[in-house]
Amino acid sequence: MMMKQVLKSLSLLALVTSCAGFSTAPVSTRLTHSMNIAAEKIPLATSKTSFSTQTNRATTTSVYASNLDTEEETEGGFLSGVSINPPYLAAYVIFLGFAFFKSMTEEAGASNDILQQFLADPLNPGCNELFVTIFNLLGLYFVPIACLLMPGAKNQKYPATPFLLGSMFGGYGLIGPYAFTRTPDAAVKTKADLGWVTANILENKIFNWFIAVAFTSAYITSGGVNALISDASGTIDGYGQLFSDTAIASASSVDFLILTLSAASWIPEDLARRNYKGDVAPALIAASTALLPGVGVALYCALRPSLDEE
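Predicted model, so just to flag it, every value in this text is computed and none were measured.

Asker: What should I look at first to understand the overall build of the chain in this one?
Answerer: Of the regular secondary structure elements, the chain holds 14 helices and 0 strands. Counting from the amino terminus, the chain carries its helices and strands in the arrangement α-α-α-α-α-α-α-α-α-α-α-α-α-α. The buried share among the 310 residues of the chain stands at 35%. Across the chain, the fraction of contacts at a sequence separation of at least 24, relative to all contacts at a separation of at least 6, is 78%. Carbon and sulfur atoms make up 68% of the accessible area of the chain, which totals about 18300 Å².

If you want it as C-alpha coordinates, here you go:
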(Lines give C-alpha, C1' and ligand atoms only; values in the text may rest on other atoms or scores of the structure.)
Protein backbone atom coordinates (compact mmCIF):
# COMPACT_ATOMS: atom_id res chain seq x y z
CA MET A 1 0.00 0.00 0.00
CA MET A 2 2.73 2.38 0.92
CA MET A 3 4.63 1.33 -2.12
CA LYS A 4 1.73 2.30 -4.32
CA GLN A 5 1.53 5.73 -2.74
CA VAL A 6 5.28 6.29 -3.24
CA LEU A 7 5.00 5.30 -6.88
CA LYS A 8 1.98 7.59 -7.27
CA SER A 9 3.90 10.49 -5.70
CA LEU A 10 6.87 9.92 -7.97
CA SER A 11 4.59 9.85 -11.00
CA LEU A 12 2.91 13.10 -9.92
CA LEU A 13 6.30 14.74 -9.38
CA ALA A 14 7.48 13.67 -12.80
CA LEU A 15 4.31 14.98 -14.38
CA VAL A 16 4.70 18.39 -12.66
CA THR A 17 8.36 18.59 -13.64
CA SER A 18 7.66 17.76 -17.24
CA CYS A 19 4.85 20.34 -17.38
CA ALA A 20 7.11 22.97 -15.83
CA GLY A 21 9.85 22.20 -18.33
CA PHE A 22 7.42 22.39 -21.22
CA SER A 23 6.01 25.84 -20.22
CA THR A 24 9.36 27.43 -19.24
CA ALA A 25 11.09 26.92 -22.57
CA PRO A 26 8.48 28.60 -24.76
CA VAL A 27 8.18 31.62 -22.37
CA SER A 28 11.93 32.16 -22.45
CA THR A 29 11.96 31.85 -26.21
CA ARG A 30 9.12 34.32 -26.67
CA LEU A 31 10.79 36.82 -24.31
CA THR A 32 14.08 36.60 -26.21
CA HIS A 33 12.31 36.92 -29.54
CA SER A 34 10.40 40.02 -28.35
CA MET A 35 13.59 41.63 -27.13
CA ASN A 36 15.24 40.99 -30.50
CA ILE A 37 12.31 42.55 -32.35
CA ALA A 38 12.43 45.59 -30.07
CA ALA A 39 16.15 45.91 -30.62
CA GLU A 40 15.57 45.83 -34.38
CA LYS A 41 12.80 48.44 -34.21
CA ILE A 42 14.77 50.94 -32.11
CA PRO A 43 17.51 51.51 -34.74
CA LEU A 44 14.84 51.67 -37.44
CA ALA A 45 12.89 54.35 -35.55
CA THR A 46 16.11 56.20 -34.80
CA SER A 47 17.04 56.04 -38.45
CA LYS A 48 13.63 57.37 -39.50
CA THR A 49 13.84 60.18 -36.93
CA SER A 50 17.33 61.12 -38.07
CA PHE A 51 16.26 61.12 -41.72
CA SER A 52 13.21 63.25 -40.91
CA THR A 53 15.35 65.72 -38.92
CA GLN A 54 17.88 65.99 -41.74
CA THR A 55 15.08 66.49 -44.26
CA ASN A 56 13.52 69.24 -42.14
CA ARG A 57 16.89 70.93 -41.71
CA ALA A 58 17.52 70.78 -45.45
CA THR A 59 14.06 72.18 -46.18
CA THR A 60 14.52 74.96 -43.63
CA THR A 61 17.93 75.84 -45.07
CA SER A 62 16.51 75.88 -48.59
CA VAL A 63 13.60 78.12 -47.60
CA TYR A 64 15.93 80.46 -45.68
CA ALA A 65 18.27 80.70 -48.65
CA SER A 66 15.34 81.32 -50.95
CA ASN A 67 14.10 84.10 -48.65
CA LEU A 68 17.54 85.68 -48.64
CA ASP A 69 17.62 85.61 -52.43
CA THR A 70 14.16 87.15 -52.58
CA GLU A 71 15.13 89.89 -50.10
CA GLU A 72 18.28 90.65 -52.06
CA GLU A 73 16.30 90.86 -55.31
CA THR A 74 13.69 93.06 -53.64
CA GLU A 75 16.27 95.36 -52.08
CA GLY A 76 18.15 95.72 -55.32
CA GLY A 77 15.11 95.74 -57.60
CA PHE A 78 13.60 99.11 -56.69
CA LEU A 79 16.84 101.09 -57.00
CA SER A 80 18.74 98.94 -59.48
CA GLY A 81 19.43 100.62 -62.78
CA VAL A 82 18.57 104.10 -61.49
CA SER A 83 20.65 106.92 -62.92
CA ILE A 84 20.77 110.28 -61.18
CA ASN A 85 20.58 113.57 -63.09
CA PRO A 86 22.62 115.96 -60.91
CA PRO A 87 21.05 119.29 -62.04
CA TYR A 88 17.53 118.10 -61.21
CA LEU A 89 18.68 116.56 -57.94
CA ALA A 90 20.44 119.80 -56.97
CA ALA A 91 17.29 121.78 -57.77
CA TYR A 92 15.25 119.39 -55.62
CA VAL A 93 17.58 119.68 -52.64
CA ILE A 94 17.74 123.46 -52.93
CA PHE A 95 13.97 123.74 -53.19
CA LEU A 96 13.27 121.56 -50.14
CA GLY A 97 16.01 123.23 -48.11
CA PHE A 98 14.81 126.72 -48.98
CA ALA A 99 11.16 125.89 -48.22
CA PHE A 100 12.13 124.37 -44.88
CA PHE A 101 14.28 127.36 -43.94
CA LYS A 102 11.52 129.87 -44.79
CA SER A 103 8.90 127.91 -42.89
CA MET A 104 11.13 127.94 -39.80
CA THR A 105 11.89 131.67 -39.96
CA GLU A 106 8.53 133.20 -40.93
CA GLU A 107 6.14 134.73 -38.43
CA ALA A 108 3.86 132.11 -36.92
CA GLY A 109 0.69 131.61 -38.97
CA ALA A 110 1.73 133.93 -41.81
CA SER A 111 1.49 131.33 -44.57
CA ASN A 112 -1.61 129.76 -43.12
CA ASP A 113 -3.44 133.09 -43.24
CA ILE A 114 -2.69 133.46 -46.95
CA LEU A 115 -3.69 129.87 -47.61
CA GLN A 116 -7.03 130.43 -45.95
CA GLN A 117 -7.58 133.46 -48.19
CA PHE A 118 -6.94 131.31 -51.27
CA LEU A 119 -9.35 128.66 -50.05
CA ALA A 120 -12.04 131.29 -49.56
CA ASP A 121 -11.56 132.88 -53.00
CA PRO A 122 -8.88 131.34 -55.28
CA LEU A 123 -9.06 134.07 -57.95
CA ASN A 124 -9.24 137.08 -55.63
CA PRO A 125 -7.75 136.15 -52.26
CA GLY A 126 -6.96 139.76 -51.41
CA CYS A 127 -3.14 139.61 -51.51
CA ASN A 128 -0.52 140.69 -54.04
CA GLU A 129 -1.77 140.03 -57.58
CA LEU A 130 1.59 138.90 -58.91
CA PHE A 131 1.82 136.19 -56.28
CA VAL A 132 -1.81 135.18 -56.90
CA THR A 133 -0.94 134.66 -60.56
CA ILE A 134 2.10 132.52 -59.74
CA PHE A 135 0.18 130.46 -57.21
CA ASN A 136 -2.68 129.73 -59.63
CA LEU A 137 -0.33 128.88 -62.50
CA LEU A 138 1.40 126.26 -60.33
CA GLY A 139 -1.77 124.17 -60.41
CA LEU A 140 -1.72 124.11 -64.24
CA TYR A 141 1.97 123.46 -64.83
CA PHE A 142 1.68 119.69 -64.63
CA VAL A 143 -0.22 119.57 -67.96
CA PRO A 144 2.44 120.99 -70.34
CA ILE A 145 5.10 119.10 -68.39
CA ALA A 146 3.11 115.91 -69.01
CA CYS A 147 3.04 116.79 -72.72
CA LEU A 148 6.85 116.98 -72.66
CA LEU A 149 7.62 113.92 -70.55
CA MET A 150 4.97 111.33 -71.39
CA PRO A 151 6.15 110.60 -74.96
CA GLY A 152 9.47 109.46 -73.45
CA ALA A 153 8.07 107.80 -70.33
CA LYS A 154 7.53 104.28 -71.63
CA ASN A 155 10.93 102.78 -70.78
CA GLN A 156 11.64 104.74 -67.62
CA LYS A 157 12.40 103.04 -64.30
CA TYR A 158 9.40 104.59 -62.55
CA PRO A 159 5.95 105.48 -63.93
CA ALA A 160 5.52 109.16 -64.68
CA THR A 161 1.78 109.48 -64.05
CA PRO A 162 1.78 109.48 -60.19
CA PHE A 163 4.52 112.10 -60.09
CA LEU A 164 2.82 114.31 -62.69
CA LEU A 165 -0.54 114.19 -60.93
CA GLY A 166 1.15 114.85 -57.59
CA SER A 167 2.89 117.92 -58.99
CA MET A 168 -0.53 119.52 -59.48
CA PHE A 169 -0.56 119.95 -55.69
CA GLY A 170 3.11 119.71 -54.72
CA GLY A 171 4.91 121.21 -57.72
CA TYR A 172 8.56 120.27 -58.03
CA GLY A 173 8.45 118.80 -54.54
CA LEU A 174 6.60 115.80 -55.99
CA ILE A 175 7.78 115.64 -59.57
CA GLY A 176 11.39 116.24 -58.58
CA PRO A 177 12.19 112.59 -57.73
CA TYR A 178 10.98 111.53 -61.18
CA ALA A 179 12.93 114.35 -62.83
CA PHE A 180 16.25 113.43 -61.23
CA THR A 181 15.87 109.65 -61.79
CA ARG A 182 14.55 109.57 -65.36
CA THR A 183 16.77 108.66 -68.30
CA PRO A 184 16.62 111.06 -71.27
CA ASP A 185 14.98 109.41 -74.29
CA ALA A 186 15.59 111.27 -77.54
CA ALA A 187 14.78 108.34 -79.85
CA VAL A 188 12.36 109.20 -82.65
CA LYS A 189 8.79 108.23 -81.70
CA THR A 190 5.48 107.77 -83.47
CA LYS A 191 2.00 107.87 -81.99
CA ALA A 192 1.91 104.09 -82.26
CA ASP A 193 4.68 103.97 -79.63
CA LEU A 194 2.62 105.92 -77.09
CA GLY A 195 -0.17 105.08 -74.70
CA TRP A 196 -3.74 106.02 -75.54
CA VAL A 197 -3.91 109.11 -73.31
CA THR A 198 -0.58 110.47 -74.55
CA ALA A 199 -1.33 109.82 -78.22
CA ASN A 200 -4.91 111.05 -78.23
CA ILE A 201 -5.00 113.78 -75.58
CA LEU A 202 -1.54 115.11 -74.78
CA GLU A 203 -0.60 115.08 -78.48
CA ASN A 204 -3.92 116.57 -79.53
CA LYS A 205 -3.49 120.12 -80.89
CA ILE A 206 -6.94 121.24 -79.76
CA PHE A 207 -6.10 120.18 -76.22
CA ASN A 208 -2.69 121.87 -76.43
CA TRP A 209 -4.24 125.17 -77.54
CA PHE A 210 -6.82 124.92 -74.77
CA ILE A 211 -4.01 124.67 -72.19
CA ALA A 212 -2.21 127.63 -73.77
CA VAL A 213 -5.40 129.69 -73.48
CA ALA A 214 -5.87 128.56 -69.86
CA PHE A 215 -2.36 129.75 -68.95
CA THR A 216 -2.89 133.08 -70.69
CA SER A 217 -6.24 133.49 -68.97
CA ALA A 218 -4.68 132.82 -65.57
CA TYR A 219 -2.42 135.85 -65.99
CA ILE A 220 -5.48 138.01 -66.65
CA THR A 221 -8.08 136.59 -64.27
CA SER A 222 -5.61 136.50 -61.37
CA GLY A 223 -5.03 140.22 -61.77
CA GLY A 224 -1.31 140.04 -62.45
CA VAL A 225 -1.38 141.76 -65.85
CA ASN A 226 -3.69 144.57 -64.77
CA ALA A 227 -1.69 145.19 -61.61
CA LEU A 228 1.57 145.45 -63.55
CA ILE A 229 0.01 147.79 -66.08
CA SER A 230 -1.59 150.09 -63.52
CA ASP A 231 1.15 150.08 -60.87
CA ALA A 232 4.16 147.99 -61.80
CA SER A 233 6.42 149.41 -59.10
CA GLY A 234 3.92 148.96 -56.29
CA THR A 235 3.00 145.45 -57.45
CA ILE A 236 6.62 144.34 -57.61
CA ASP A 237 7.44 145.91 -54.23
CA GLY A 238 4.42 144.26 -52.64
CA TYR A 239 5.42 140.93 -54.11
CA GLY A 240 8.96 141.34 -52.79
CA GLN A 241 7.65 142.07 -49.30
CA LEU A 242 5.37 139.04 -49.40
CA PHE A 243 8.28 136.91 -50.65
CA SER A 244 10.38 138.06 -47.71
CA ASP A 245 7.74 137.65 -45.02
CA THR A 246 6.01 134.36 -45.89
CA ALA A 247 7.15 130.86 -46.70
CA ILE A 248 4.21 130.15 -48.98
CA ALA A 249 5.04 133.06 -51.29
CA SER A 250 8.78 132.45 -51.40
CA ALA A 251 8.56 128.65 -51.75
CA SER A 252 5.86 128.90 -54.43
CA SER A 253 7.94 131.39 -56.39
CA VAL A 254 11.06 129.21 -56.29
CA ASP A 255 8.91 126.22 -57.22
CA PHE A 256 7.50 128.12 -60.22
CA LEU A 257 10.99 129.12 -61.34
CA ILE A 258 12.32 125.54 -61.13
CA LEU A 259 9.33 124.14 -63.06
CA THR A 260 9.82 126.79 -65.77
CA LEU A 261 13.52 126.00 -66.18
CA SER A 262 12.94 122.24 -66.03
CA ALA A 263 10.23 122.40 -68.69
CA ALA A 264 12.54 124.41 -70.94
CA SER A 265 15.35 121.87 -70.44
CA TRP A 266 13.13 119.01 -71.67
CA ILE A 267 12.21 120.75 -74.95
CA PRO A 268 15.35 119.80 -76.97
CA GLU A 269 14.77 116.15 -76.05
CA ASP A 270 11.13 116.45 -77.10
CA LEU A 271 12.14 117.98 -80.44
CA ALA A 272 14.60 115.15 -81.06
CA ARG A 273 11.79 112.61 -80.56
CA ARG A 274 9.91 114.46 -83.32
CA ASN A 275 12.88 114.37 -85.67
CA TYR A 276 12.98 118.17 -85.73
CA LYS A 277 15.10 119.56 -88.59
CA GLY A 278 14.18 123.26 -88.39
CA ASP A 279 16.51 126.22 -88.73
CA VAL A 280 16.03 127.48 -85.17
CA ALA A 281 18.24 125.71 -82.65
CA PRO A 282 16.35 123.58 -80.10
CA ALA A 283 18.21 125.30 -77.27
CA LEU A 284 17.02 128.69 -78.49
CA ILE A 285 13.43 127.47 -78.71
CA ALA A 286 13.73 126.12 -75.16
CA ALA A 287 15.15 129.39 -73.81
CA SER A 288 12.38 131.42 -75.44
CA THR A 289 9.69 129.54 -73.48
CA ALA A 290 11.14 130.85 -70.22
CA LEU A 291 10.50 134.47 -71.23
CA LEU A 292 6.81 134.08 -70.37
CA PRO A 293 6.67 131.37 -67.69
CA GLY A 294 3.92 128.82 -68.12
CA VAL A 295 2.48 130.37 -71.26
CA GLY A 296 5.74 129.84 -73.15
CA VAL A 297 5.90 126.07 -72.65
CA ALA A 298 2.14 125.74 -73.27
CA LEU A 299 2.52 127.58 -76.59
CA TYR A 300 5.45 125.34 -77.48
CA CYS A 301 3.29 122.23 -76.99
CA ALA A 302 0.63 123.73 -79.27
CA LEU A 303 3.13 124.71 -82.00
CA ARG A 304 5.61 121.82 -81.88
CA PRO A 305 5.78 119.32 -84.78
CA SER A 306 3.28 116.50 -84.55
CA LEU A 307 4.43 112.91 -84.25
CA ASP A 308 3.89 110.59 -87.19
CA GLU A 309 1.04 108.13 -86.79
CA GLU A 310 3.28 105.09 -87.37
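Don't stop here, the text continues.
Asker: Help me understand the side chain of Ser252, please; the structure alone is not making it clear to me.
Answerer: You can see Ser252 is positioned in helix H11 (residues 247-265). Ser252 sits in the buried class, given a relative accessible area of 8%. Each residue touching Ser252, except ones within four places of it in the same chain, is listed here: Phe131, Ile134, Phe135, Leu138 and Ala247.

Asker: Could you clarify how one ought to interpret the environment of Gly234 in this entry?
Answerer: Within the secondary structure layout, Gly234 lies in helix H10 (residues 224-245). Gly234 gets classed as partly exposed once you look at its relative accessible area, which sits at 34%. In this structure the C-alpha to C-alpha distance between Gly234 and Asn128, which are 106 residues apart in sequence, comes to 9.7 Å.

Asker: What is the right way to read the nonpolar core from this model?
Answerer: Generally speaking, a soluble globular protein has its nonpolar side chains buried in company with each other. Counting 55 residues, the largest nonpolar core has Phe131, Tyr141, Ile145, Leu148, Leu164 and Tyr172 as the members making the most contacts within it. With 8 residues, the top contributor of residues to this core is H11. Apart from residues no more than four positions distant in its own chain, Ile145 is found in contact with Leu164, Ile175, Leu259, Ala263 and Trp266.

Asker: Can you help me understand the side chain of Asn208 in this one?
Answerer: Here Asn208 shows up in helix H9 (residues 205-221). Judged by its relative accessible area of 2%, Asn208 falls in the buried class. Beyond its immediate sequence surroundings of up to four residues, Asn208 is in contact with Cys147, Leu202, Glu203, Ala298, Cys301 and Ala302.

Here is what the cut-offs are and how they apply
- Residues numbered from 1 in each chain as written.
- Predicted model: local features only at pLDDT ≥ 70, side-chain atom pairs only at ≥ 80, totals over all residues.
- Heavy atoms only, no water.
- Helix = DSSP H or I, 4+ residues; strand = E, 2+ residues; numbered from the N terminus.
- Buried < 20%, exposed > 50% of the residue type's maximum accessible area, 1.4 Å probe, protein only.
- Contact = heavy atoms within 4.5 Å.
- Areas by Shrake-Rupley, 256 points an atom, 1.4 Å probe, with all protein chains shown as cover.
- Core = buried A, V, L, I, M, F, W, Y, C linked by side-chain atoms within 4.5 Å.

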